[in-house]
Amino acid sequence: MTVLRVRDFEIHQSYFAPEAQARLVHSLREVLSKAPLFQPVTPRGTPMSVRMSAAGDYGWISDRKGYRYEPAHPSGVPWPPIPESLIAMWREVVPDARDPECCLINWYDETAKMGMHQDRDEADLTQPVVSVSLGDEALFRMGNLTRGGKTESIWLRSGDVVVMDGDARRAYHGIDRIRPNSSTLLPNGGRINLTLRVVT
Ligand code: MD3
Ligand code: FE
């Protein structure tokens, strides 16, 4: 494992070894069988290219009514618990933080991307966010505390963990593109990104 620091972003390359990634995918299949992926729309009604679901006390929802955290899936079922291996990883990489209340699951097909945005729907922005990449590689762009300015990009690979703390927690960021067929972890290809968050 290698730890890189780009500004306040801490990138743990290959945190999860291939076998641990496969076990994680297995536990995510269980989560998704109870809380299936759905396609969010922006408040203006545009479908997002990423499909989403969640685990934990809260999941993040976007629809015509706006962005918010909800205690249940759009179907009405409570979000399943966050897999234990993710809680253990969180406690190891951010030992001073509160336990995560949400594990947001983003699924990218080969054409999906995520525009530059900030994450600020959580009540306490001093708590870190931790992400896990699984499957195909993704070009992650790190920006600044305000829109625009110089950015830096890095390819995130399957098994990588990124800790967003300090200024990085409030920085603009996005995913420019996926590299199709760059991983064999997911039988039908694509990429899963998990983000662990404290919501309240
Ligand atoms: C920086 N996800 O879910 S992970 C998101 O790969 C999101 O799906 C991207 O941006 C993805 O909101 C990027 C890295 C990441 C995640 C959350 C952050 C960077 C972040 C929250 C605050 C600052
Ligand atoms: Fe984000």
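Residues numbered from 1 in each chain as written. Chains lettered and ligands numbered in written order. Predicted model: local features only at pLDDT ≥ 70, side-chain atom pairs only at ≥ 80, totals over all residues. Heavy atoms only, no water.

1. Re the coordination of the iron ion (ligand 2)
1) Next: Listed as protein donors to the iron ion (ligand 2) are H117 (NE2), D119 (OD) and H173 (NE2); their distances from the metal cover 2.0 to 2.2 Å.
2) Next: Between the donor residues of the iron ion (ligand 2), the gaps in sequence give the motif H-x1-D-x53-H.
3) Next: Residue class for D119 comes out buried when judged on its relative accessible area of 13%. (Donors = N, O, S within 2.8 Å, 3.2 Å for Na, K, Ca; no water. Buried < 20%, exposed > 50% of the residue type's maximum accessible area, 1.4 Å probe, protein only.)

2. Points about the sheet that holds strand β6 (residues 102-108)
1) Next: With antiparallel pairing, the seven strands of this open sheet are ordered in space as β1-β2-β11-β8-β13-β6-β3. Looking at which strands have only one partner, the edges of the open sheet turn out to be β1 (2-6) and β3 (51-56). On average, each strand axis in the sheet is tilted by 20° relative to the strand beside it, whichever way the strands run.
2) Next: Pairing geometry for strand β8 (residues 129-135) and strand β11 (residues 161-164), over four bridges, is antiparallel. (Pairing = 2+ DSSP bridges. Helix = DSSP H or I, 4+ residues; strand = E, 2+ residues; numbered from the N terminus. Axes fitted to C-alpha atoms, helices over the stretch in contact; angles between N-to-C directions.)

3. Focus on unusual backbone geometry
1) Next: One non-glycine residue with positive phi stands out, namely R7, at about 55°.
2) Next: Mapping R7 onto the fold places it in the loop between β1 and β2 (9-13).
3) Next: Since its relative accessible area comes to 35%, R7 is described here as partly exposed.

4. Topic: the environment of D99
1) Next: Take D99: it is sitting in the loop between α2 (84-93) and β6.
2) Next: When its relative accessible area of 35% is taken as the criterion, D99 is described as partly exposed.
3) Next: For the pair formed by D99 and R197, sequence separation is 98 residues and the distance between their alpha carbons is 8.3 Å.
4) Next: For D99, the residues in contact, after removing those within four places along its chain, are W90, R91 and V198. (Contact = heavy atoms within 4.5 Å.)

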